[in-house]
Amino acid sequence: MPFYHKLGSIPPKRHTIFRKPDGNLYYEQLFGTIGFDGMSTNSYHQHRPTQVKDIRGSYDVAPKIAIKNNMKSYRLKGFQVAPTQDYLESRKIVLTNSDVNIILAAPQAKTQDYFYKNTDADELIFVHKGSGKFRSHLGNIDFKYGDYLLIPRGTIYKMDFDSSDNRLFIVESRRPIYTPKRYRNWFGQLLEHSPFCERDLRPPYELETYDEKGDFLIKIKKQEEIFDMVYATHPFDVVGYDGYSFPYAFSIHDFEPITGRIHQPPPVHQTFETDAFVICSFVPRLYDYHPESIPAPYNHSNIDSDEVLYYVDGDFMSRNDIAPGHISLHPAGIPHGPHPGAAERSIGKTETEELAVMVDTFKPLMVTEDAMQIADEEYYKSWLE
Ligand SMILES: [Fe+2]
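Conventions and cut-offs
- Residues numbered from 1 in each chain as written.
- Predicted model: local features only at pLDDT ≥ 70, side-chain atom pairs only at ≥ 80, totals over all residues.
- Heavy atoms only, no water.
- Helix = DSSP H or I, 4+ residues; strand = E, 2+ residues; numbered from the N terminus.
- Buried < 20%, exposed > 50% of the residue type's maximum accessible area, 1.4 Å probe, protein only.
- Contact = heavy atoms within 4.5 Å.
- Areas by Shrake-Rupley, 256 points an atom, 1.4 Å probe, with all protein chains shown as cover.
- Donors = N, O, S within 2.8 Å, 3.2 Å for Na, K, Ca; no water.
- Polar contact = N/O pair within 3.5 Å; in protein donor to acceptor, adjacent residues only side chain to side chain.
- Phe/Tyr/Trp six-rings, centres within 6.5 Å; stacked < 30°, edge-to-face > 60°.
- Pairing = 2+ DSSP bridges.

A. Structural detail: the overall build of the chain. Regarding its fold elements, the chain presents 3 helices and 31 strands. Projected onto the principal axes, the alpha-carbon positions of the chain cover approximately 75 × 45 × 35 Å. Counting the 385 residues in the chain, one finds 55% classified as buried. Considering only residue pairs separated by 6 or more positions, the chain has 76% of its internal contacts joining residues 24 or more positions apart. Accessible area of the chain: about 17600 Å², with a carbon and sulfur share of 51%.

B. Inspection of the coordination of the iron ion at higher detail. Here the iron ion is held by the protein donor atoms His300 (NE2), Glu307 (OE) and His336 (NE2), which lie 1.9 to 2.2 Å from it. Counting residues between consecutive donors of the iron ion along the chain gives the motif H-x6-E-x28-H.

C. Main features of the side chain of aspartate 228. Within the secondary structure, aspartate 228 is located in strand β18 (residues 225-233). Given a relative accessible area of 15%, aspartate 228 falls into the buried group. Within the structure, aspartate 228 has its side chain in polar contact with the side chain of lysine 219 (distance 2.9 Å). Ignoring any residue separated from it by four or fewer positions in sequence, one finds aspartate 228 in contact with Asp54, Ile55, Arg56, Gly57, Tyr59, Leu217, Ile218 and Lys219.

D. Just the packing of aromatic side chains, in detail. Counted by the stated rule, this structure contains 18 aromatic pairs. Between phenylalanine 134 and tyrosine 157, the ring centres sit 5.3 Å apart and the planes meet at 35°, which makes this aromatic pair tilted. Taken together, the positions of phenylalanine 134 in strand β11 (residues 132-136) and tyrosine 157 in strand β14 (residues 156-161) put the pair 23 residues apart, joining distant regions of the chain. Neither phenylalanine 134 nor tyrosine 157 differs from the other in exposure class; each is buried. An aromatic cluster is defined as three or more aromatic residues linked by ring pairs; in this entry it consists of Phe126, Tyr148, Phe196, Phe250, Phe255 and Phe272.

E. Structural view of the environment of glutamine 189. Relative to the helices and strands, glutamine 189 resides in the loop between β15 (167-173) and β16 (201-202). Sequence-distant contacts of glutamine 189, that is, excluding residues within four places in its chain, are made with Tyr183, Arg184 and Glu198.

F. Spotlight on the sheet that holds strand β29 (residues 355-361). Read across the sheet, 7 strands follow the order β21-β22-β29-β25-β26-β6-β31 without closing on themselves; strand pairing throughout is antiparallel. Only two strands of the sheet have a single partner each, and these edge strands are β21 (270-273) and β31 (375-376). Where strand β22 (residues 277-282) lies against β29, 6 bridges are found, and the strand directions are antiparallel. Its bridge partner lying in β29, phenylalanine 282 is registered against alanine 356.

In structure tokens:
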């Protein structure tokens, strides 16, 4: 995250003596990304963060590919993904390429008896249904409907839910996820024309610090495998940290839409960027105000990117027969556009209540077997008159 955050107790100068009340040293950990060139955080631990007690084994969680080279538009009925007790088991990869996994999850268990760490990917969790507390070794964040939780790779975390009725849309990105560069000045501060600013971002506010020894299972994801690693001390043993790499939340309801006299293109909805895909938020907004404007989008060719739209709420103006939890996939290489009647319907409308998350990937996405379980195979014909 391109701003500085500090939580708990830290010494006045880095890499200097910092003692516990009993006189022993705290253990410092510099957590960096992109070599020593990316964002980093300096944390202070009760125990060495290196005490591996056992590696119980590993198991494969790679997605099973159904369609490798896809030219078909799909509609996936996301809420048909069956709820599953366990948080990690509930995560079903529906679309994938070498940069990103797009995941639907309906976890039921209110917590996990393990900790989780993704070493390969930043995770962006969009909370469609449910609320609770995200807990991590860098502190806790409360979450609810409409929140994006951005979890940088390497964060050790747990998801505590208030109920068993949860629906998550998750983007697992091997490329770092940032706020859009064009909205930041040369120091990284979000500019006046940005649709959100630092005040809207919620970093961890509460640090849980345990001084405990025992057997602590951390499920560590690396290269599409999960390693069951047992550590000798509680992974939430940080007394303080500072730096730029930490999880944070941003509510889609805090995204201020950019509107115009005529139809504004998708980049005005952009919320996050990577060098492999963008993430956009379509939020309730006033429609275009030119007297002759057509608020529905025109047909367009994403000639070199796949477009994934996850429908959250409201009436989606350009689509017929789309419901909350649905995903539409429009592959690169062919045009797509509003359904028959949608452009005409939109004329004269003054506002929309639509709420959706879009992921546009620069490399084509493969469709998984889990996606085919919930796929509408006839969607690609739905523009025929
Ligand atoms: Fe599109």
